[in-house]
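# Structure at a glance
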Amino acid sequence: MPAVKKPRTREPLWHEWDRKAQKHGLRHTVYDENGNKYTGEWQDNLKHGKGIQKWKSTGAIYSGDWKFGKRNGYGSYSIPDPVTKEYKKVYTGWWENDQKCGYGLMIYPNGERYEGEWSAGLRSGWGRMNYLNGSVYEGQWLLDKCHGQGTLRLPNKDRYEGGWKNGKKHGPGMYFYLEMGQLLEGVWSSDRPKCGIVSDFDKGEAPAPTQYPIPKIELADPDGVLEEARAMFDDSQNEEPDAEGKEDA
């Protein structure tokens, strides 16, 4: 009996093409429909692992870790200088779900710098901000604003130590007027001192001390008066922050 030769079954070509089109592992540069390009690792057709993304519209570059198509892990974000076209790092640090999250360093276009903790793309936690005018704030942040306990040092060496709320001095605090050799201990509300005690402080080292000493308080019960005023203005323990913020980059 002659042998029956079975016809050879061939896989449809589109199966092979589809298999080759699946992105998994390390791949060469891949362009998307917007002209953006990515070079790096993939998993299940998603950017996953180490990779570099360049956006065509802005020229910005992200280099670092990815997880299922989003920036996640450690990486840096850079933008080209509009004049020299040289790349400058804007943010270097940790990411989660495509947003700054964890510890990182941000350099703003005007030269200001923030180094500290982030959450959902906003400054939240502990951090230090160097402002353009030479002031430095170091302390707690929430929703991109100074909030909690922190210290603000001014260019003339004066400083404020105490409570903050929504970016303003709020609650108990101390303001050191080192240039004049005086100290104000009191309670602030919306950046304004509402009550407190002014005393001489390190006057011998002050560059421009006041001419006369602060007179003695003649009230019968100065502590009682101050406590009553503090109770009236100090709401730092029972108010929630405004639920607003902005992402700088």
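This report concerns the structure included in the present document. Here the structure is a predicted model, which is why all the values come from computation and not from measurement. (Residues numbered from 1 in each chain as written. Predicted model: local features only at pLDDT ≥ 70, side-chain atom pairs only at ≥ 80, totals over all residues. Heavy atoms only, no water.)

Scanning the chain from terminus to terminus reveals two helices and 15 strands. Counting the 249 residues in the chain, one finds 31% classified as buried. As presented, the chain carries roughly 16,200 Å² of accessible surface, and 53% of it is formed by carbon and sulfur atoms. (Helix = DSSP H or I, 4+ residues; strand = E, 2+ residues; numbered from the N terminus. Buried < 20%, exposed > 50% of the residue type's maximum accessible area, 1.4 Å probe, protein only. Areas by Shrake-Rupley, 256 points an atom, 1.4 Å probe, with all protein chains shown as cover.)

The next subject is unusual backbone geometry. Phi at K85 takes a positive value of approximately 70°, unusual for a residue other than glycine. Inspection of the secondary structure puts K85 in the loop between β5 (70-80) and β6 (87-96). For K85, a relative accessible area of 55% translates into the label exposed. Backbone geometry places N166, a non-glycine residue, at a positive phi of 50°. Here N166 lies in the loop between β12 (159-165) and β13 (168-177).

Here we take up the pattern of salt bridges. Working definition: two side chains of opposite charge can pair if their charged atoms are close together. Counted according to the given criterion, the structure contains eight salt bridges. Residue D65 is joined to K50 by a salt bridge in which the shortest nitrogen-to-oxygen separation is 2.6 Å. Of this pair, D65 sits in strand β4 (residues 61-67) while K50 is found in strand β3 (residues 46-54), placing the two residues 15 residues apart along the sequence. For D65, a relative accessible area of 15% gives the class buried. The closest approach of N and O atoms between K169 and D191, which form a salt bridge, is 3.3 Å. (Salt bridge = Lys/Arg side-chain N within 4 Å of Asp/Glu carboxyl O.)

Moving on to the pairing of β4. It is a general feature of regular strands that their side chains alternate between the two faces of the sheet. Sheet topology places β3 next to β4; six bridges connect them, and they run antiparallel. By the bridge assignment for β4, I52 is matched with S63. With antiparallel pairing between neighbouring strands as the criterion, β3 and β4 make up a hairpin whose turn holds six residues, including G59 at a positive phi of roughly 80°. Inspection of the sheet shows β4 paired to β5 by six bridges, in the antiparallel sense. Its bridge partner lying in β5, Y62 is registered against Y77. Joining the antiparallel neighbours β4 and β5 is a turn of two residues, in which F68 adopts a positive phi near 50°. (Pairing = 2+ DSSP bridges.)

Here we come to the pairing of β13. Where β12 meets β13, six bridges bridge the pair, whose relative direction is antiparallel. Bridged to E161 within β13 is M174. Linking two consecutive strands that pair antiparallel, namely β12 and β13, is a turn of two residues; a positive phi of about 50° is found at N166 within it. Here β13 runs beside strand β14 (residues 182-189); their pairing, made up of seven bridges, is antiparallel. Looking at the pairing, Y175 lines up with L184 of β14. Taking the residues that link successive antiparallel strands as the turn, the β13-β14 hairpin has four residues, and the phi of G181 there is positive, at about 80°.

Turning our eyes to something else, we now look at the packing of aromatic side chains. Counting across every chain of the model gives 16 aromatic pairs. Taking the centre distance of 5.2 Å and the plane angle of 85° together, the rings of Y62 and W66 count as edge-to-face. With centroids separated by 5.2 Å and ring planes inclined at 90°, the aromatic side chains of Y91 and W95 adopt a geometry described as edge-to-face. Each member of the pair, Y91 as well as W95, is classed as buried. The residue whose ring lies beneath R71 is Y62, and the NZ or CZ to ring-centre distance is 5.7 Å. Over the face of the ring belonging to Y91 we find K100, whose NZ or CZ atom lies 5.6 Å from the ring centre. (Phe/Tyr/Trp six-rings, centres within 6.5 Å; stacked < 30°, edge-to-face > 60°. Lys NZ or Arg CZ within 6 Å of the ring centre and 35° of its normal.)

That is the geometry; function is a separate question.
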